[in-house]
Amino acid sequence: MPKTAAGFEADFNSLKKDLPTFYSYVHNIPTETVSQLFKNQEISAELFAAILKAVNDHGLSEGEGIIHAGKLIAALGKCNNFDMTLMFMDSKEKKDLVNII
């Protein structure tokens, strides 16, 4: 479990080529922890896009995953400068977000 936003990003960089494993990693982090990690630091557009893709591709097949997806998106919405992150989304990422919601 990451202790800082930088730790989360480092873990992402090592897992980003294995989306199912990255999804499992994200799924195992409590959503409250995600909110705290990015409370004072902006989430990068690349990381946010990867989270959206992982959740959209691997997290919407069972009830628990769907509930976690909603809580995760809500937690990410509390990130510092989240509105700025949303401005950098491309059309595919917007479709993933709409599908999750």
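The rules behind each value
- Residues numbered from 1 in each chain as written.
- Predicted model: local features only at pLDDT ≥ 70, side-chain atom pairs only at ≥ 80, totals over all residues.
- Heavy atoms only, no water.
- Axes fitted to C-alpha atoms, helices over the stretch in contact; angles between N-to-C directions.
- Helix = DSSP H or I, 4+ residues; strand = E, 2+ residues; numbered from the N terminus.
- Parallel < 35°, antiparallel > 145°, perpendicular 65-115°, else oblique.
- Contact = heavy atoms within 4.5 Å.
- Nonpolar A, V, L, I, M, F, W, Y, C, P; charged D, E, K, R; others polar.
- Core = buried A, V, L, I, M, F, W, Y, C linked by side-chain atoms within 4.5 Å.
- Buried < 20%, exposed > 50% of the residue type's maximum accessible area, 1.4 Å probe, protein only.
- pLDDT = per-residue confidence, 0-100.
- Expected span 1.5 Å × (residues − 1).
- Arc of directions from axis to C-beta.

1. As for the packing of helix H2 (residues 19-27) against helix H4 (residues 45-58)
Each pair of packed helices can be summarised by the angle the axes make with each other and by the distance between the axes.
Now for step 1: As a packed pair, H2 and H4 sit with axes 9 Å apart at the nearest point and diverge in direction by 95°. If you check the angle between H2 and H4, you find them roughly perpendicular. Together, Leu-19, Pro-20, Phe-22, Tyr-23 and Val-26 of H2 and Leu-47, Ala-50, Ile-51, Lys-53, Ala-54, Val-55, Asp-57 and His-58 of H4 make up the contact between the two elements.
Now for step 2: Per-class residue counts for the contact of H2 with H4 are ten nonpolar, one polar and two charged.

2. Here's the deal with the nonpolar core
Now for step 1: In this structure, Phe-8, Phe-22, Phe-38, Ile-43, Leu-47, Ile-51 and Leu-76 are the most contacted members of the largest nonpolar core, which totals 31 residues.
Now for step 2: Where this core is concerned, the elements lending two or more residues are helix H1 (5-15), H2, helix H3 (31-37), H4, helix H5 (63-76) and helix H7 (91-100).
Now for step 3: Of all the elements, H4 adds the most residues to this core, at seven residues.
Now for step 4: If sequence neighbours within four positions are ignored, Phe-38 has contacts with Ala-5, Phe-8, Glu-9, Ile-43, Leu-47, Cys-79 and Asn-80.

3. A look at H2
Now for step 1: When H2 is considered as a whole, its buried residues turn out to be Leu-19, Phe-22, Tyr-23, Tyr-25, Val-26 and His-27.
Now for step 2: Those residues of H2 hidden inside the fold are in contact with H1, H4 and H5.

4. Let's talk about the confidence of the model for the protein chain
Now for step 1: The pLDDT averaged across the protein chain works out to 90; a share of 100% of its residues lies at or above 70.
Now for step 2: Within the protein chain, the element-level pLDDT minimum falls on helix H6 (residues 82-87), averaging 86, and the maximum on H2, averaging 94.

5. Focus: H5
Now for step 1: A rise of 1.5 Å per residue sets the reference length of H5, with its 14 residues, at 20 Å; its end C-alpha atoms lie 20 Å apart and thus fit the reference within 8%.
Now for step 2: Among all positions of H5, only Gly-65, His-68, Ala-69, Leu-72, Ile-73, Ala-75 and Leu-76 are buried. The arc enclosing the buried residues of H5, seen along the axis, measures out at 155°, which places them on a common side.
Now for step 3: On its buried face, H5 is in contact with H2, H3, H4, H6 and H7.

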